[in-house]
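Coordinate analysis (summary)
So the chains spell out like this:
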Amino acid sequence: MGRFWQLLLVIGLFLWLALMIRPIVPIIKKGTSERGLLILFLISCFAIAFFYAAGLMWGRTTNLAIAEYWRWWVVHLWVEGFFEVFATVVAAFLFTRMGLLRIKSATNNVLFATIIFLSGGILGTFHHLYFTGTPTGVMALGATFSALEVVPLVLIGFEAFHNYRMSKSTEWLADYKWPIYFLLSVAFWNFLGAGIFGFIINPPIALYYMQGLNTTPVHGHAALFGVYGMLGIGLMLFVLRSMYRKQKWNDKLIKFTFWTLNAGLLLMVVVSLLPVGLMQTFASVNHGAFKWSRIIGDTVFGIGTLTLFLFVYQLTLKKDKSTN
Ligand code: HEM
Ligand SMILES: [Fe+2]
């Protein structure tokens with residue numbers, strides 16, 4: 001990213017941080033049982049804003065090894081460290097608010113998860129530095145610790161899913177079906193995209209041969225959109241649900257959206273990126289055939305993004321005035 005845009009993003013992130021501090025600090029001061037969760041949440045917000053600034057540590061003439069070192073401070077420490085903590089706390093917080101998780105077990109889960117994310121995540125950074133003169137011992141630490149990171153979020157997701165099924169009888173919960181489904185898909189993609197696909201490219205021998213092949217976007221798409229994209233949509237739907245309490249949801253449209261986004265992402269990966277990546281891995285000759293079949297997954301996924309817009313438009317701007 002060019003320096004101008006980088007600086008703009010730094011400013012944006014600090015504005016965002018201020019927006020997060022403003023409502024949360026007064027609640028922390030009240031000292032309710034949610035205090036522990038909220039403090040962790042705020043710490044992850046600080047980390048997201050401050051650690052992006054590591055992206056300013058290199059310039060046009062910086063040695064590639066040093067640039068790569070700081071670059072992964074942003075990419076890796078964000079996605080495999082502080083975003084994970086952020087996502088876990090948000091999910092745990094929402095699930096406790098809906099009565100699906102007890103606050104005490106949620107706080108314990110989150111603390112446990114944070115310890116694993118950060119002990120794994122921080123040392124795990126070195127699993128990216130294979131071609132930058134990093135000592136073998138450090139590489140070994142990186143490879144070992146980065147493999148541990150997906151366990152806790154998946155556990156929280158499955159626990160919540162279990163509780164969700166038990167409490168399906170509660171009528172008000174049905175209102176939150178789609179926001180919850182998006183959060184469940186976060187757990188799914190965390191398992192498949194970050195866990196499985198991340199793991200496949202992660203061993204030293206894999207990275208030696210596969211770094212930067214199509215297997216990297218297999219993992220990058222499934223993990224980044226799968227986890228943080230779906231999380232963003234889920235959170236938006238939660239907010240919309242409470243803002244438009246009386247409005248009837250177009251259930252069919254949001255259902256369609258949910259499945260096209262998830263199926264599209266899966267097709268993108270399974271139909272195209274993965275075969276291409278494997279072909280690149282097994283042979284250095286790329287026949288190019290599967291590259292174009294990417295169109296299938298991308299189109300299905302694209303339809304999902306459009307219907308999401310349509311859904312929100314219908315719900316908000318084009319709403320039936322008599323009901324509000
Ligand atoms: C939700 C969590 C995760 C997200 C969003 C994520 C996202 C990404 C993205 C976007 C890249 C490409 C970055 C670039 O090339 O500039 C990447 C690379 C990589 N990720 Fe992840 N990741 C996650 C978790 C993991 C985990 C748990 C592992 C290991 C088990 C892992 C292993 C790797 C490896 C080895 C690469 C480098 C591949 C290469 O250089 O060719 N990731 N990740
Ligand atoms: Fe990483």
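Heads up: these notes are all about the structure in this document.

How each quantity is defined
Residue positions are counted from 1 within each chain, in the order its sequence is given. Working convention: letters from A go to chains and numbers from 1 go to ligands, in the order in which they are written. Totals for whole chains, interfaces and linings use all residues, but because this is a predicted model, local features are given only for residues with pLDDT of at least 70 and pairs of side-chain atoms are given and counted only at 80 or more. Secondary structure elements are taken from DSSP: a helix is a run of H or I of four residues or more, a strand is a run of E of two residues or more, and numbering for both begins at the N terminus. Between the buried cut of 20 or more and the exposed cut of 12 or fewer other C-beta atoms within 10 Å of a residue's own C-beta lies the partly exposed class, and all C-beta atoms are placed from the backbone. We call two residues in contact when their backbone-placed C-beta atoms lie within 7 Å. In this analysis, the expected span of each helix is defined as 1.5 Å times one less than the number of residues it contains. At any given residue, the bend is defined as the angle formed between two axes, one fitted to the seven residues that end at that position and one fitted to the seven that begin there. What makes a residue near a molecule or strand is its C-beta atom, placed from the backbone, lying within 6 Å of it. Throughout this entry, Asp, Glu, Lys and Arg are counted as charged residues, while Ala, Val, Leu, Ile, Met, Phe, Trp, Tyr, Cys and Pro are counted as nonpolar. The remaining residues, Gly among them, count as polar. Among buried residues, those of type Ala, Val, Leu, Ile, Met, Phe, Trp, Tyr and Cys that are joined through C-beta atoms within 7 Å form a set called a nonpolar core. Axis definition: a line fitted to C-alpha atoms, limited for helices to the stretch in contact. Angles are taken between N-to-C directions and run from 0 to 180 degrees. The handedness criterion is simple: a crossing whose near helix is rotated anticlockwise from the far helix by less than a right angle is left-handed, and one whose near helix is rotated clockwise is right-handed.

1. Looking at the overall build of the protein chain
Of regular secondary structure, the protein chain possesses 13 helices and zero strands. Sequence-ordered secondary structure for the protein chain, helices as α and strands as β, is α-α-α-α-α-α-α-α-α-α-α-α-α. Counting across all 324 residues of the protein chain, residues that qualify as buried make up 35%. When contacts within the protein chain are restricted to residue pairs at least 6 apart in sequence, those whose partners lie at least 24 apart make up 77%.

2. Some remarks on helix α10 (residues 215-243)
Residues three or four positions apart in an α-helix share a direction because the helix packs 3.6 residues into each turn. Helix length check: α10, at 29 residues, gives a terminal C-alpha distance of 41 Å against a target of 42 Å (1.5 Å per residue), a fit within 8%. Along α10, the sharpest change in direction is near 30 degrees and occurs at F225.

3. Here we look at the site of ligand 1
Taken together, 24 residues surround ligand 1, and among them V79, A194, G198, G220 and A223 come closest. Of all the secondary-structure elements, those providing two or more residues to the shell around ligand 1 are α3 (64-97), α8 (177-200) and α10. No other element matches the six residues that α10 contributes to the shell around ligand 1. In terms of residue class, the shell around ligand 1 is built from eleven nonpolar, eleven polar and two charged.

4. Some points on α8
For α8, which comprises 24 residues, the first-to-last C-alpha distance of 33 Å matches the rise-based estimate of 34 Å (1.5 Å per residue) to within 8%. The largest bend in α8 is about 30 degrees, located at W189.

5. Some points on the nonpolar core
If you look at the biggest cluster of nonpolar residues, it comprises 60 residues, and the most contacted ones within it are L37, V89, A92, F182, V186, A222 and V227. Every element with two or more residues in this core is listed here: α2 (35-52), α3, α4 (103-124), α8, α10, α11 (251-282) and α13 (294-315).

6. Quick notes on the packing of α4 against helix α5 (residues 136-146)
Packing of α4 against α5 brings their axes to within 7 Å, and their N-to-C directions diverge by 145 degrees. As α4 runs across α5, the sense of the crossing is left-handed. Across the interface between the two elements, S119, G120, L123 and G124 of α4 pack against L141, G142, F145 and S146 of α5. Tallied by class, residues from the contact of α4 with α5 come to three nonpolar, five polar and no charged.

7. Remarks on the environment of K177
Relative to the helices and strands, K177 resides in helix α8. Counting along the chain gives 78 residues from K177 to K255, while the straight-line C-alpha distance between them is 9.8 Å.

8. Digging into the packing of α3 against α10
Taken N-terminus to C-terminus, the directions of α3 and α10 make an angle of 35 degrees; their axes are 12 Å apart at the nearest point. Once α3 is placed against α10, the crossing between them reads as left-handed. Here V79, F83, A87, V90 and L94 of α3 lie close against α10, whose contacting residues are L224, V227, Y228, L231, L235 and F238.

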